[in-house]
Amino acid sequence: MNDVMLDSETTSVQADAEGWIDRFNHALAADDTEAAARLFAPVSFWRDLAAFTWNIKTVENRDGVRAMLAATLAQARPVRFTLAEPAHEADGVIEAWLTFETKVGRGEGLLRLRNGEAWTLLTALAELKGHEEPKGFRRPMGAEHGVKPGRLSWAEQRAQEARTLGVETQPYVLVVGGGQGGIALGARLRQLGVPSIVIDRHERPGDQWRKRYKSLCLHDPVWYDHLPYLDFPANWPVFSPKDKIGDWLEMYTKVMEINYWSSTTAKNAAFDEASGTWRVTVTRDGKDIELRPTQLVLATGMSGKPNMPHFKGMERFRGEQHHSSNHPGPDAYAGKKVVVIGSNNSAHDICAALWEHGADVTMVQRSSTHIVRSDSLMEIGLGALYSEQAVANGVTTRKADMIFASLPYRIIHEFQIPVYNAIREKDADFYASLEKAGFMLDFGADDSGLFMKYLRRGSGYYIDVGACDLVIDGSIKLKSGVQIAEITETGVKMADGEELPADLIVYATGYGSMNGWAAELISQEVADKVGKVWGLGSDTPKDPGPWEGEQRNMWKPTQQQNLWFHGGNLHQSRHYSLYLALQLKARQVGLPTPVYGLQDVHHVQ
């Protein structure tokens, strides 16, 4: 009897999903945007990753759906959605994985139905028709059998390409920044056949990691951090040390055949309106070269230039002082007095490494910080999508990325609040001990925790891998809740009159917006034209409104023609590099790419 009931329920769920898809397909085929909009709930969300909008765009409610389809449907048709696997239901919500086709592309999606109406819909472009990646049945032969006079070997072809690209022929895309973001995008562009060069000022790929302080490691687990096409091996450590990541990036750059120019610095760039191309002067191995790419991508992470504060008296300090981005590591500071200004990830990592090497360390906390223990984040925050158990449950990296992307930013905090409530309850004693030590804690503006802080402002948190225990027991001294009055000849003077003696001051004070790089490389005028990069417009600290609904200027067209921003953590670099690469490929081959909902500029920095 129970089996019969379960079969009946499954059939009903499947029928509901198939019925909605049929009605949606019929409305789209009939160009009936009103009928399509009525299939969505009054409060609903459609997130599109370049499939309909040639943008990364979320529209809300029936009005948003109607307006988007009215603007995009004629260009996208014919459109057809299909159920990709059996639908399932949980807590009154039917989830259905979709595949779909438009006139120019194929995509994947995830639909959620409540009471027969669409609550959320994700549509993500996966490939362009006629420009598919050479994989599966399209895998390249590699070795050419038979005989052919004058044939070049693979190595000779690669050497010829390296010798001529950027000299005799121009790249279609120039990617400035060769960390994980630039490398991931370079791999995508390579597979799509887009001529591109990735440049970086360091001597070797991966040096962006190797040259940071030696205790640096990934705070995200391995399942969250795979690169496109090539997963980390099954025996790769859960948390990767920086030098191991550096070696992986260098290897990846070689095996994915990325045209990577190391020891290369971009000096200046200007857009030529007449030709629709950029003039970019780069210095490579001491020689200036002018490149003429059509598209310019700034792949400098998710952050801009280091925020170096300006405290009264800094110029008179007799010791050493530097930003955390230039911190060499702890080795030279045994027995020294060190003041670290800041209380987020870098500050904690640097303080812990200095203490391990015998320094006398004081952390200055000027504002509250969100703390989450690494094991709790893995277990409660990430485990369902990115863990060994998730893999065993059939949640591939691609499926996990799509699930994560399918939650609209407008409501994602509602899913995060219970996660961090559970973490706060699990680790209540830990948090009580931190507060007893004088540490100022927060869980975000609305108690939604780390991910929302990251998405909104990219700062204000620490994933604890041990440093908090040193704060709790006093091994790392803490000066909290007091502002800095000035820097003296011998230390840091606080507003309450206490002076913290220092041989070294480390300013772990974060970074500015990525458009700071545009200002430096191109012009302040272009940086202002583009506006602030990163954040959602949530009107929470460091993420001013109005609501924008997507990450500002990331992975999508900007107000400056042919200028793009790419980066984020390894997960975002992996996932969103696909959509950026597809947008660039479409333009390279001359497909129409009318952008719907180009982002307005509300803030310049």
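A short tour of the structure in this document, coming up. Bear in mind the structure is a predicted one, so any value in this text is a computation, not a measurement.

A few words now on helix H12 (residues 409-426). Taking 1.5 Å of rise per residue, the 18 residues of H12 would be expected to cover 26 Å, and the 26 Å separating its terminal C-alpha atoms lies within 8% of that figure. Remark: the principal bend of H12, roughly 25°, maps to Gln 416, with a proline, Pro 418, within the next four residues. When H12 is considered as a whole, its buried residues turn out to be Tyr 409, Ile 411, Ile 412, His 413, Gln 416, Val 419, Tyr 420 and Ile 423.

Moving on to helix H9 (residues 374-382). If you check which residues of H9 are buried, you get Ser 374, Ser 376, Leu 377 and Leu 382. Along H9, the residues classed as buried sweep out an arc of 150° about the axis, all on the same side. Looking at the packing, one finds that the buried side of H9 touches strand E18 (370-373), H12, helix H14 (449-456) and strand E19 (461-464).

Side chains carrying opposite charge are able to pair once their charged atoms draw close together. Applying the stated criterion to the full structure yields 41 salt bridges. Residue Glu 34 pairs with Arg 66 through a salt bridge whose shortest N-O separation is 2.7 Å. Placement of Glu 34 in helix H2 (residues 33-38) and of Arg 66 in helix H3 (residues 61-76) is noted, with a sequence separation of 32 residues between them. Taking the shortest distance from any N to any O, the salt bridge between Glu 101 and Lys 129 comes out at 2.9 Å. Of this pair, Glu 101 sits in strand E5 (residues 93-101) while Lys 129 sits in the loop between strand E7 (117-128) and helix H4 (154-164), placing them 28 residues apart in sequence. On the accessibility criterion, Lys 129 (28% relative accessible area) is partly exposed. Counted as one network, the salt bridges with shared partners bring together Arg 204, Asp 207, Arg 210, Asp 247 and Glu 250.

Glancing now at the nonpolar core. Ranked by size, the top nonpolar core spans 163 residues in total, and within it Phe 24, Trp 46, Leu 296 and Val 340 carry the most contacts. Every residue in contact with Val 340, bar those within four places of it in the chain, is listed here: Ala 347, Ile 350, Cys 351, Leu 354, Val 361, Thr 362, Met 363, Val 364, Val 506 and Ala 508. Counting 15 residues, the second-largest nonpolar core is a separate cluster that includes Phe 311, Met 314, Leu 500 and Tyr 507.

Another aspect to go through is the sheet that holds strand E20 (residues 477-480). Spatial strand order, E15-E24-E16-E17-E20: five strands in an open sheet with parallel pairing. Two strands lie at the open edges of the sheet, namely strand E15 (320-323) and E20, each paired on one side alone. The average undirected angle you get between the axes of adjacent strands in this sheet is 15°. Where E15 and strand E24 (residues 504-507) come together, four bridges link them in parallel fashion. Looking at the pairing, Gln 321 lines up with Ile 505 of E24.

Of the pairings in the sheet, the one linking strand E21 (residues 484-487) to strand E22 (residues 491-494) comprises three bridges and is antiparallel in character. What sits directly across from Ile 484, in E22, is Met 494. Once E21 ends, the chain turns through three residues before running back antiparallel as E22. Sheet topology places E22 next to strand E23 (residues 499-501); three bridges connect them, and they run antiparallel. Counterpart to Val 492 in the pairing with E23 is Leu 500. Hairpin remark: E22 followed by E23, antiparallel, with four residues in the connecting loop; positive phi at Gly 497, about 95°.

Attention shifts here to the side chain of Ser 577. Here Ser 577 shows up in helix H18 (residues 570-588). When its relative accessible area of 0% is taken as the criterion, Ser 577 is described as buried. Polar side-chain contacts of Ser 577 include one of 3.0 Å to the side chain of Arg 188. Apart from residues no more than four positions distant in its own chain, Ser 577 is found in contact with Ala 184, Leu 185, Arg 188, Pro 228, His 566 and Gln 572.

Packing of helix H5 (residues 180-191) against helix H7 (residues 242-255) brings their axes to within 10 Å, and their N-to-C directions diverge by 20°. One element, H5, and the other, H7, form an angle in the roughly parallel class. Taken as a pair, H5 and H7 cross one another with a handedness that is left-handed. Across the interface between the two elements, Gln 180, Ile 183 and Ala 187 of H5 pack against Leu 249, Tyr 252 and Thr 253 of H7. Of the residues that constitute the contact of H5 with H7, the class distribution is four nonpolar, two polar and no charged.

Applying the stated criterion to the full structure yields 25 aromatic pairs. For the ring pair Tyr 431 and Phe 443, a centre distance of 5.1 Å and an interplane angle of 70° mean the geometry is edge-to-face. Of this pair, Tyr 431 sits in helix H13 (residues 428-436) while Phe 443 sits in the loop between H13 and H14; the two residues are 12 residues apart in sequence, bridging distant segments of the chain. Taking the centre distance of 6.1 Å and the plane angle of 65° together, the rings of Tyr 576 and Tyr 579 count as edge-to-face. In this pair, Tyr 576 and Tyr 579 are both assigned in helix H18, three residues apart and thus about one turn of the helix distant.

When you line up the elements, His 226 lands in the loop between helix H6 (207-210) and H7. Aside from chain neighbours lying at most four places away, what touches His 226 is Asp 231, Phe 232, Thr 397, Leu 570 and Arg 574.

Looking along a regular strand, one sees the side chains alternate between the two faces of the sheet. As paired strands, strand E1 (residues 40-49) and strand E2 (residues 56-60) are joined by five bridges and run antiparallel to one another. When the sheet's bridge partners are listed, Trp 46 is paired in E2 with Val 59. What sits between the antiparallel neighbours E1 and E2 is a turn of six residues, in which Ala 50 has the positive phi angle 70°.

Over the atoms rolls a probe the size of a water molecule, and its path tells where empty space is left. Its volume calculated, the second largest pocket comes out at about 1100 Å³. Sorting the residues of the lining of the second largest pocket by element identifies E7, H4, H5, helix H11 (397-405) and H18 as the ones contributing at least two each. Looking at the lining of the second largest pocket residue by residue, the classes come out as 12 nonpolar, eight polar and 14 charged.

Thresholds, definitions, all that
Residues numbered from 1 in each chain as written. Predicted model: local features only at pLDDT ≥ 70, side-chain atom pairs only at ≥ 80, totals over all residues. Heavy atoms only, no water. Helix = DSSP H or I, 4+ residues; strand = E, 2+ residues; numbered from the N terminus. Expected span 1.5 Å × (residues − 1). Bend = angle between axes of the 7 residues up to and from the residue. Buried < 20%, exposed > 50% of the residue type's maximum accessible area, 1.4 Å probe, protein only. Arc of directions from axis to C-beta. Contact = heavy atoms within 4.5 Å. Salt bridge = Lys/Arg side-chain N within 4 Å of Asp/Glu carboxyl O. Core = buried A, V, L, I, M, F, W, Y, C linked by side-chain atoms within 4.5 Å. Pairing = 2+ DSSP bridges. Axes fitted to C-alpha atoms, helices over the stretch in contact; angles between N-to-C directions. Polar contact = N/O pair within 3.5 Å; in protein donor to acceptor, adjacent residues only side chain to side chain. Parallel < 35°, antiparallel > 145°, perpendicular 65-115°, else oblique. Left-handed = near helix turned anticlockwise from the far one by under 90°. Nonpolar A, V, L, I, M, F, W, Y, C, P; charged D, E, K, R; others polar. Phe/Tyr/Trp six-rings, centres within 6.5 Å; stacked < 30°, edge-to-face > 60°. 1 Å grid on protein atoms, 1.4 Å probe; cavity = no way out; pocket = protein on both sides within 12 Å on 5 of 7 lines; lining within 4 Å. Points joined across faces, edges and corners; volume = space filled by probe spheres on them.

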